[in-house]
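What follows is the residue order along each chain.
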Amino acid sequence: MSDETVGAGAPPMVRMAGVDKHFGDLHVLRDIDLEVARGEVVVVLGPSGSGKSTLCRAINRLEPIDSGTVEIDGTPLPEEGKDLAKLRADVGMVFQQFNLFAHLTILDNVVLAPTRVRGVSKDEAQERARALLDRVGIAEQAQKYPAQLSGGQQQRVAIARALAMEPKVMLFDEPTSALDPEMVGEVIEVMAGLAKDGMTMVVVTHEMGFARRAADRVVFMADGEIVEVTTPDSFFSRPATERARDFLGKILTH
Amino acid sequence: MDVLFGNLGEFLTRFGGTIALFVCSAIASLILGVVLAAMRVSPVPAMRATGTVYVTLLRNTPLTLVLFFFALGFTKLFFYLPFFLLAVIGLSLYTAAFVCETVRGGISTVSEGQAEAARALGFGFTQTLTLVVLPQAVRSVMPPLTSVQIALLKNTTVAAGFSVFEAGGFYRAVNERGGSTLVALLWVALGFVVLVIPLTVLQRRLEKRWSVAR
């Protein structure tokens, strides 16, 4: 690492080039090219089945791809194995279903990976975990188990768990889709705070409000393709393609 | 009562033998069974195949045959080991196949998202399995796993067949001294009931303790 990592010469945080993926006969990702710059917040929108979740999961290779390359901070993702695991540690991920470790307390959920993957001492990891839980507003629940928390609280813990690894980029795969409506706001708040603090984020969501408010760019996908890449303002007020107009018509009129 | 109190020393030492056989075999079978279960879900085909062959062979073989092999065959083929140790090996290898299948059943109850979250945090296969998936899998199969271990406890009597000093042989000892075989067997049965109770209590305790945590 030299001192010129930030600047024009630095590689994009995420780069996808020519990525293709099939599920059987279904072509879920078609020749995807996407670059996400350092500190940028990219929101991926699109109808269900458009491949946006698959795109998100392909970035840390939870979803293997058929062809093309994915690079994180200039390093291409290797084959499944130790090197891939190491690279994944730098990529935080938040899932639709939270996926907190059910057998561990909230605190241990946040402490586990830093101690076991990064080799951070237990005391230090706990101290940082408490600070993170405080930041997402769950500090009082540290000794509870995931099943004892509401969905919104669990998702905030999941964000803290990912942040505990001090990731270079955070992926959000429909983080509010499994939540009761009244809990969406609390999770969105945490995400907006992260965006403001300069975290590089790729967010797959149906929350148009978040896209308007926090996104630097909107990526609109349909049928496995990236159809439009533009600013939130231009996407919502002047969608360039028929498919985007159709999508916006459906979600905004009801 | 005479049958019991007249042979109390014998009765107690024999049950001591049963407990020793059980504890050693239980620990070994749990460890081996969990390792086998891990092999059966491993991404490496050779590991999976080894696990499958092991389970197929051991689970489909009568325990008596397994123990006879170790009692008679092992020493001839390889080297001398005391009968007690041979019995522990035989019982452990046999029971491990059942532990393996039970734990594997538990692994399939753990949602895929748990393993995905672990991988996304940078855990490799082994860590994902040992830190996240197996602890939850074992918790979810406590009742059947206890049943497997209770079966092991009772299977220790088969070891009496090749002169390991344990409870199943009590009736013969009584018989030699002119006591009633039937009464002796009833006492042995009662002894086993008493031995199984702590296992059941342990199972309940663990289930209760883990009820929130899964």
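Only a predicted model underlies this, so the values are computations on that prediction, with no experimental measurement involved.

The pairing of strand S1 (residues 14-23) of chain A with strand S2 (residues 26-36) of chain A spans 7 bridges and is antiparallel. Directly across from Met16(A), in S2(A), lies its bridge partner Leu34(A).

What follows concerns the sheet that holds strand S6 (residues 91-94) of chain A. Residue and element names in this part refer to chain A. Judged by pairing direction, the sheet is mixed, and its 6 strands sit side by side in the order S6-S7-S8-S3-S9-S10 without closing on themselves. Strands with a single pairing partner mark the edges of an open sheet, and in this sheet they are S6 and strand S10 (225-230). Across this sheet, the average inter-strand angle for adjacent strands is 15°, counted without regard to direction. Packed on one face of the sheet, helix H6 (residues 181-196) meets strand S3 (41-45), strand S7 (169-173) and strand S8 (200-204) and runs near 145° to S8.

Right, let's get into the nonpolar core. Grouped together as the largest cluster of nonpolar side chains are 54 residues, with contacts concentrated most on Ile159(A), Met170(A) and Met201(A). A total of 9 residues in this core trace back to one element, the largest contributor, which is H6(A). Every residue in contact with Met170(A), bar those within four places of it in the chain, is listed here: Gly92(A), Val94(A), Ile159(A), Ala162(A), Leu163(A), Leu194(A), Met199(A), Thr200(A), Met201(A) and Val202(A). Counting 51 residues, the second-largest nonpolar core is a separate cluster that includes Phe11(B), Ala38(B), Phe170(B) and Val188(B).

Right, let's get into the packing of aromatic side chains. For the coordinates displayed, the defined rule picks out 9 aromatic pairs over all chains. Measuring from centroid to centroid gives 5.6 Å for Phe220(A) and Phe235(A), while their planes differ by 35°, and the two rings are tilted. Taken together, the residues span a long stretch of sequence, with Phe220(A) in strand S9 (residues 217-222) and Phe235(A) in helix H8 (residues 232-237) at a distance of 15 residues. Considered together, Phe220(A) and Phe235(A) belong to a single accessibility category, that of buried residues. Within the aromatic cluster, the residues linked to one another by ring pairs are Phe69(B), Phe70(B), Phe74(B), Phe78(B) and Phe79(B).

Attention shifts here to the packing of helix H2 (residues 8-40) of chain B against helix H3 (residues 45-59) of chain B. Residues and elements named next belong to chain B. Contact geometry of H2 with H3 gives a least axis separation of 7 Å together with a crossing angle of 130°. As judged from the angle between their axes, H2 and H3 are oblique. The way H2 lies across H3 gives a crossing that is left-handed. When H2 is examined against H3, the residues Leu32, Leu36, Met39 and Arg40 are found in contact with a partner set consisting of Met47, Arg48, Thr50, Gly51, Thr52, Tyr54 and Val55. When its residues are assigned to classes, the contact of H2 with H3 shows 6 nonpolar, 3 polar and 2 charged.

On average, chain A scores 92 in pLDDT, and the residues at 70 or more come to 96%. Note that residues 1-5 of chain A has pLDDT below 50 and, in this model, 3 contacts with residues that lie over four places away or in other chains.

Quick look at a nonpolar patch on the surface now. All names here are of chain B. Taken together, Ile19, Val23, Ile27, Ile31 and Val35 make up a surface patch of nonpolar side chains, about 420 Å² in accessible area. Note that Ile31 resides in helix H2. Among the residues examined, Ile31 registers a relative accessible area of 54% and is labelled exposed.

Glancing now at the sheet that holds S2(A). Residue and element names in this part refer to chain A. Pairing is antiparallel in the open sheet, where 4 strands are placed in the order S2-S1-S4-S5. Looking at which strands have only one partner, the edges of the open sheet turn out to be S2 and strand S5 (75-76). Two strands pair when backbone bridges link them, and strand S4 (residues 67-72) and S5 are joined in this way by 2 bridges, in the antiparallel orientation. Paired with Ile72 across the two strands is Thr75, which belongs to S5.

Scoring rules and cut-offs
Residues numbered from 1 in each chain as written. Chains lettered and ligands numbered in written order. Predicted model: local features only at pLDDT ≥ 70, side-chain atom pairs only at ≥ 80, totals over all residues. Heavy atoms only, no water. Pairing = 2+ DSSP bridges. Helix = DSSP H or I, 4+ residues; strand = E, 2+ residues; numbered from the N terminus. Axes fitted to C-alpha atoms, helices over the stretch in contact; angles between N-to-C directions. Contact = heavy atoms within 4.5 Å. Core = buried A, V, L, I, M, F, W, Y, C linked by side-chain atoms within 4.5 Å. Buried < 20%, exposed > 50% of the residue type's maximum accessible area, 1.4 Å probe, protein only. Phe/Tyr/Trp six-rings, centres within 6.5 Å; stacked < 30°, edge-to-face > 60°. Parallel < 35°, antiparallel > 145°, perpendicular 65-115°, else oblique. Left-handed = near helix turned anticlockwise from the far one by under 90°. Nonpolar A, V, L, I, M, F, W, Y, C, P; charged D, E, K, R; others polar. pLDDT = per-residue confidence, 0-100. Patch = residues over 30% accessible without salt bridge, like charges linked within 9 Å, V, L, I, M, F, W, Y side chains within 5 Å. Areas by Shrake-Rupley, 256 points an atom, 1.4 Å probe, with all protein chains shown as cover. Salt bridge = Lys/Arg side-chain N within 4 Å of Asp/Glu carboxyl O.

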